[in-house]
Every structure is written in structure tokens, then in C-alpha cells.
Amino acid sequence: MNVLAVGAHPDDVEILCAGTLARYRRTGHAVGICVLTNGDLGAPDGEKVEIAAVRAREARRSADVLDARLFLLGEPDGFLFDSPETRIAFAEVLRAFRPDILFIPDPHDYHPDHRAASAIALNSLQLAASPLQRTESAAIESLPAVFYMDTLALVGATPRRWVDISETLDTKLDMLRAHRSQNDWLRCTDGTDYLDYVVKQARLRGLQCGTAAAEAFRVPEYFPINHAASTLPELPA
Ligand SMILES: [Zn+2]
């Protein structure tokens, strides 16, 4: 299968879904990561163009951990909108990668760019399947199974599906270490240690489903019925 995860910022996918992506990778599936903004607000000072370059390098290093295909769409950080242009750009990613499974941000997550990314991803599906909307690649023939990723710090999220990441948590942390500028920044802005935070969330989601660590998901409902439920790695019996 082809498994694609989309985030607004260069580290979003890693925080909420990298352990699950690593599980797919381990069993031979292809993994893609699509980042919609360039993350150029992700530093306390400096030139935006340089910050964007650092973040692109970090995203590449992280994607390389999984040998994942990386799509950087380069929208301005803080100004991500569900627009004709962003839908067409993401529709082309869907057509180029042709995912069987698609992980997208929760529509109620805390950051406006995350909410916009959720809308762009979901709203581009029909476009990507419409042959009359031309982009570089051919229209997709079927829609991927779609999952909402967890929210930051579990705020407002009621997951319905859990994936055991006990054996891939280390890989997830390796990917997050690649985003070194973010750990430095978050430690000085809100005293949060990025890796510590991610481990806590994974442990708590693991507690809910009886494993040492987990990532949690929801399944969006729409017509035609999203067949996502059968495609996640199984929990241990
Ligand atoms: Zn983000």
C-alpha cells in the first residue's frame, strides 16, 4: 500500500503519526509525508527565508529515517487557507503518490493552519478523482481510506482507533530529533521538552488501549462510506 500523512508544519506528522507510519514501513509499505507550509514562523528571530530552509532540511532528514517520499508545498506559515490553489496543489500530491491510506489533521486541532490542512486534505479528494480537473498527474481512480490524527495534548479528541507503537516509538523520536530547531524553540517558549511531551502523549494513548505506547485516530464520516476501519495495523490480541 501507499500510506500518506499530511501536516501543516514540518513536524506535525511526526508528533501525531510517525510511530504508525514506521509500522507500515516495517511491513514493506511505501510512506509519504506532505507538509503544506514552509514553517517559517517557527523560530524566535531570524530571517524567514533562512528559517524555511532550515525546516526543509530538518523535514528531509526526518523523512529519510523512514525512507519516505517528502512533498513540501511551501505555503506561508500562519496563512494556510483552504483555497482553489491549495486544493489543486494537494490534489496533485494525491495523484502523484496515489495513497491507499491518508492521515490528515483533526479538524478541531488547536492551530488554524492545522484546521486548514485538515480541510484542504479532505476537500481535495474529489478534485483529485475528477479527470476534468487537470494537473500534472492523472486523476486517482479510487479514494484513499482517511483517518484524522490525534490532537495536540489530546485536547477535545475522542479517538476511535489506536495503533500500538511500542516498537516504533524510538523511530518516532529519531524523526523528531531531526527537527532540532523546534525542540530548541519550544523549550524556550513554553518550557516544553518536545520529546518528553510526545512520549507522554504516546504513553497515555497506550494506557487507553493496553499497550506501552500508542497513537490514536478518528475516522471521518462522509459519502461514499470511508472504508478506513479495516486498514490500520491491528492491536495485539
Ligand atoms: Zn503544526
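Rules used throughout
Residues numbered from 1 in each chain as written. Predicted model: local features only at pLDDT ≥ 70, side-chain atom pairs only at ≥ 80, totals over all residues. Heavy atoms only, no water. Helix = DSSP H or I, 4+ residues; strand = E, 2+ residues; numbered from the N terminus. Rg over C-alpha atoms; globule rule 2.2 N^0.38 Å. Buried < 20%, exposed > 50% of the residue type's maximum accessible area, 1.4 Å probe, protein only. Contact = heavy atoms within 4.5 Å. Areas by Shrake-Rupley, 256 points an atom, 1.4 Å probe, with all protein chains shown as cover. Lys, Arg positive; Asp, Glu negative; His and termini not counted. Charge placed at Lys NZ, Arg CZ, Asp CG, Glu CD. Pairing = 2+ DSSP bridges. Donors = N, O, S within 2.8 Å, 3.2 Å for Na, K, Ca; no water. Tetrahedral: all angles 85-135°; square planar, octahedral: opposite > 155°, others 65-115°. Polar contact = N/O pair within 3.5 Å; in protein donor to acceptor, adjacent residues only side chain to side chain. Right-handed = clockwise from strand over helix to strand, strands pointing away. Axes fitted to C-alpha atoms, helices over the stretch in contact; angles between N-to-C directions.

Caption draft 1: Just the overall build of the chain, in detail. When its secondary structure is counted, the chain shows eight helices and seven strands. For 237 residues, the compact-globule estimate of 2.2 N^0.38 gives 18 Å, and the C-alpha radius of gyration of the chain, at 17 Å, lies within 12% of that figure. Within the chain, the fraction of its 237 residues that count as buried is 51%. Restricting to contacts in the chain with at least 6 residues of sequence separation, those with at least 24 account for 80%. As presented, the chain carries roughly 11,000 Å² of accessible surface, and 54% of it is formed by carbon and sulfur atoms. Each charge sign in the chain was given a centre, from 24 positive and 33 negative side chains, and these centres are 3 Å apart.

Caption draft 2: Up close: the pairing of strand E4 (residues 101-104). Neither face of E4 is left uncovered, since the one carrying Ile101 and Phe103 and the one carrying Leu102 and Ile104 both have all their residues buried. Where strand E1 (residues 2-7) meets E4, three bridges bridge the pair, whose relative direction is parallel. Within E4, the residue paired with Leu4 across the bridge is Leu102. Across four bridges, E4 lies against strand E5 (residues 145-149) in parallel orientation. If you follow Ile104 over to E5, its bridge partner there is Tyr148.

Caption draft 3: Focus on the coordination of the zinc ion. Bound to the zinc ion are the protein donor atoms His9 (ND1), Asp12 (OD), Asp12 (OD) and His114 (NE2), situated 2.1 to 2.7 Å from the metal. Considering all four donor atoms around the zinc ion, the spread of angles at the metal, 52 to 120 degrees, places the coordination shape in the irregular class. The motif formed by the donor residues of the zinc ion, counted along the single chain, is H-x2-D-x101-H. There is no split in this pair, since His9 and Asp12 are both buried.

Caption draft 4: Structural view of the side chain of Thr151. In this structure, Thr151 sits in the loop between E5 and strand E6 (161-164). The exposure class assigned to Thr151 is buried, which follows from its relative accessible area of 1%. There is a polar contact of 3.0 Å between the side chain of Thr151 and the backbone oxygen of Val155. Setting aside anything within four residues of it in sequence, one finds Thr151 in contact with Leu16, Asp106, Asp109, Ala157 and Gln201.

Caption draft 5: Expanded view of the pairing of strand E2 (residues 30-37). Most of E2 sits out of view: seven of its eight residues are buried. For the segment spanning E1, helix H1 (residues 12-26) and E2, crossover handedness is right-handed. Bridge count for E2 against strand E3 (residues 69-75) is five bridges, and the pairing is parallel. Its bridge partner lying in E3, Gly32 is registered against Arg69. With helix H2 (residues 48-65) bridging E2 and its parallel neighbour E3, the resulting β-α-β unit is right-handed.

Caption draft 6: View of the sheet that holds E1. Taken in spatial order, the seven strands of this open sheet run E3-E2-E1-E4-E5-E7-E6, and their pairing is mixed. At either end of the open sheet lies a strand with only one pairing partner, and these are E3 and E6. Taken over all neighbouring pairs, the strand axes of this sheet differ in orientation by 25 degrees on average, direction set aside.

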